[in-house]
Amino acid sequence: MLWLMRKTFLSLRSLSLVLVATTTLTVLASATEFEESRWIAPPADRATNAACPIFRKEFVLDRKLRSATLRIIGLGDYDVRVNGRRLAATGINQPWSQYEKTLYYRDFDLSSQLVSGTNCVGVMLFNSFWHNPNAPTGRYNKGGPQRAVTEPYLLCAEITYTNPDGSVSRIGADVSWRTTDGPITFSHIFAGEDFDARRQLPGWDRAGFDDRSWQPSREADAPKSKLEPQSWPNISGFEHQTPVSVSATLTNAFLFSFSQNMAAQLRVELDGGKSGDRVSFRCGEHKKDGDRLFGGYIVGCEIVTDGKPLTHQWSSFYLGMQFVEVTGAVPVGHANPQGLPVIRRMELVNVRAGLPEVGTFHSSSEIYNGTHRIIDAAMRANMSWVMTDCPHREKLGWLECSYLLAPSFEYRYDTRQWFSKIARDIRDTQETSGRVLTVAPGYPAGKFPGDFNWTVEWGAAAVMLPWLHYEWYGDPQILRDNFDMMCRFTDYIQTEAKDGLAPGGLGDWYDYGHGKPPGPSRYTPTMLSATATWGLCALTVSRAAESLGRVEDAKTYRELHARISADFRRHFQDPTTRKLRHSGSSQCANAMALCAELVAPEDRALLVDDIIADLEKRGWQQTPGDVGHVYFIRALAQAGRSDVLHRVYSRDGTGSYGGILKKGLTSLPETWDAMMDGYQSLNHCMLGHVMEWYYGYVAGIRQQPGSVGWQRILIAPNPGALANVASTLQTPKGLVVSRWRNDGRTFQLETEIPKGVEAIAILPSGEQKALRAGKQTLKEPVRKK
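Residues numbered from 1 in each chain as written. Predicted model: local features only at pLDDT ≥ 70, side-chain atom pairs only at ≥ 80, totals over all residues. Heavy atoms only, no water.

Draft legend 1. Representation of the overall build of the protein. Within the protein one finds 15 helices and 37 strands. Taking 2.2 N^0.38 as the reference for a compact globule, 785 residues should give roughly 28 Å; the C-alpha atoms of the protein span a radius of gyration of 28 Å, in line with that estimate. Viewed in the frame of its principal axes, the protein has a C-alpha envelope of about 85 × 65 × 55 Å. Across the 785 residues in the protein, those meeting the buried criterion constitute 63%. By sequence separation, contacts in the protein at least 24 residues apart represent 75% of the contacts at least 6 residues apart. (Helix = DSSP H or I, 4+ residues; strand = E, 2+ residues; numbered from the N terminus. Rg over C-alpha atoms; globule rule 2.2 N^0.38 Å. Buried < 20%, exposed > 50% of the residue type's maximum accessible area, 1.4 Å probe, protein only. Contact = heavy atoms within 4.5 Å.)

Draft legend 2. Molecular detail of the environment of A423. Here A423 shows up in helix 4 (residues 416-429). Separated by 58 residues in sequence, A423 and D481 place their C-alpha atoms 9.1 Å apart. Apart from the residues within four sequence positions on either side, A423 is in contact with L465, N482 and M485.

Draft legend 3. Representation of the pattern of salt bridges in the model. Taken as a whole and assessed by the stated rule, the structure comprises 53 salt bridges. Between D211 and R56 there is a salt bridge, and its shortest N-O distance comes to 3.3 Å. Within this pair, whereas D211 is found in the loop between strand 14 (192-196) and strand 15 (215-216), its partner R56 is found in strand 4 (residues 53-61), the two being separated by 155 residues in sequence. For D211, a relative accessible area of 10% corresponds to the buried category. Owing to a relative accessible area of 0%, R56 belongs among the buried residues under this scheme. (Salt bridge = Lys/Arg side-chain N within 4 Å of Asp/Glu carboxyl O.)

Draft legend 4. Structural view of the environment of R416. On the secondary structure map, R416 appears in helix 4. Overall, R416 belongs to the partly exposed group, its relative accessible area being 27%. Considered as a pair, R416 and H469 are 53 residues apart in the sequence and their alpha carbons are 7.1 Å apart. Beyond its immediate chain neighbours, meaning those up to four positions away, R416 contacts H469, Y473 and D475.

Draft legend 5. Quick peek at helix 4. A rise of 1.5 Å per residue sets the reference length of helix 4, with its 14 residues, at 20 Å; its end C-alpha atoms lie 20 Å apart and thus fit the reference within 8%. Of all 14 residues that make up helix 4, 10 are buried, and the element is covered over most of its length. Inspection of helix 4 places W418, F419, K421, I422, A423, R424, D425, I426, D428 and T429 among the buried residues, and these make up the whole buried set. Here the buried face of helix 4 lies against strand 8 (102-109), strand 17 (226-229), helix 2 (400-404), helix 3 (406-412), helix 6 (461-473) and helix 7 (477-496). (Expected span 1.5 Å × (residues − 1).)

Below is the structure:
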């Protein structure tokens, strides 16, 4: 649903533009953010099912400028153009946020875009989570109560420019902007996007276009939200993929199959046919034998042609997918007796937040390399305005992944500003009681049922994400910004605790090996994992307080951790055997207790041995799921048992990373056994925690205990049966390299260390060596076992 606005403006002020959809929110932009702009919207009498609105305005400059910037907020989403040139690679430009608390604006440099004479700014608006009613019957919909506002489309924009004499001028959006309906006839965050080529208005975003039939825009109330600049990388288009095969189906359709499951926008070139022909696209990631799409979250989109050649790419919609089924058109080279439009070319354009890559890993194991590849593919697919759970079915910021996978993401990408934004989302959604629900931002507007709404292990992101950010980047500002949130969440759990135990919820979601359908924890009591998480939160808050010099707070939360530990042992530890209670597998329970430091030091080795015994009797099958898996890795790795983890992750049977690879999947699925039932996601990063182990323990690049910001570096490889590994990491202090090889006689380690840090290497024999800045090579004979 697009609107266009336009007007001739003979002034040397800078242009400020803010577009706003009808909403229940109201607040004026402050003078430091938008000085000349008003919030504008389409006319109040437009039809509720009208196409997306487009806006335009012309203005005249009588001299060349020193510089110019466009600042813009477009709700729900927007695509902005100046003098016919698109300013962003996609129409995915308005960050998702807890809109009633925070709205983000973006600045575009127009210094090379504006000309002396008449200029034109045009904006298309689309739907997003801002206004997300349930989709019409017959289209995919997440379901449940969705977010709705009274102003579905809102715009606020302003151009600020510096004149040759150094004076500053501004031009802002107001009711002089002209608006009409555009060619996007349907836009929905879940249900897709439809395009009608007959509604295109060539030249609408250039000076000189006749917009006399358009309407003036309407001034709207400003949202009462705080306006903040976007500080993390934009969502943009990256790899373009063409189909690896095109096949005719039994339903008179054509199935285009691509080599990679990814978050993508569909791009298609059409030719032929007649005006009004309808080409339908069904997009998804599950395919059955016979080249047939199936599953519960296939998304259908449509293009109506105008009889002319056209190239169209989705504007603001994207989807996790690998297959596209087309009806109403034929691929080039195929028989076309009905004279349908011809598909000259089809591409999937990968879209994601452009977080810079900082880490690389390659080993002599094809299973390890393949696992790294499919986890990374799932990471990229879920790098959106939030860390999404999946790029198709929900696109929601389920919070457990944000902290459980934080180090894995940090080893691959620069997440500093992105994780800060996610922490802001969590702050904005925290309830006055201190409780943090499972999803942030908090969509849909209605609550999820039961434990899906509130579970300790999900809300713990409020504590753990800021701390993990601080550990990695070393900037205490993240703790200052979030310390109150961290304390309030940890304190809130006490209000729901019974007899010293935190309330149980989803627990170790999607644990594996019990032979039952995936879902809430089967092996580990949910109150155990919730209480262990509570204990870890108390311990983490005490450490954050120490880092901030808050001595009394540190003491308070250390004492809370001690009380939680005592209650945990009272309820879950057998006083005779010293083992922990579980329902069939000890792996998750023991690992979480170890990582949260809830058991006595003298019991730690016993719990590690108990994990290993359980693994051995299962043929080295890991059982932890979404929550417990990263603790399973850390508990064994930190106990010096990476040899066990090599056995676990070198497997290729069902329930392993290698088994997933053998099924031919190109991204990490939601379940350990890669269920292909049409509902379980085939593009989920939630079980990708092994990335942390690959970099930190196999390559051996990690921080020394107690280090923050990579001030003290450790290179301690655990080779297992591997012949070689090469890994690099751009840390906040500089480049760190670990390359090692083992030929059976000699172990050779090549390192590179940045200046200004302390670094040591621990060789497989256990020998420690101080490392100097720059490159260094260490060798030792391989000891036969």
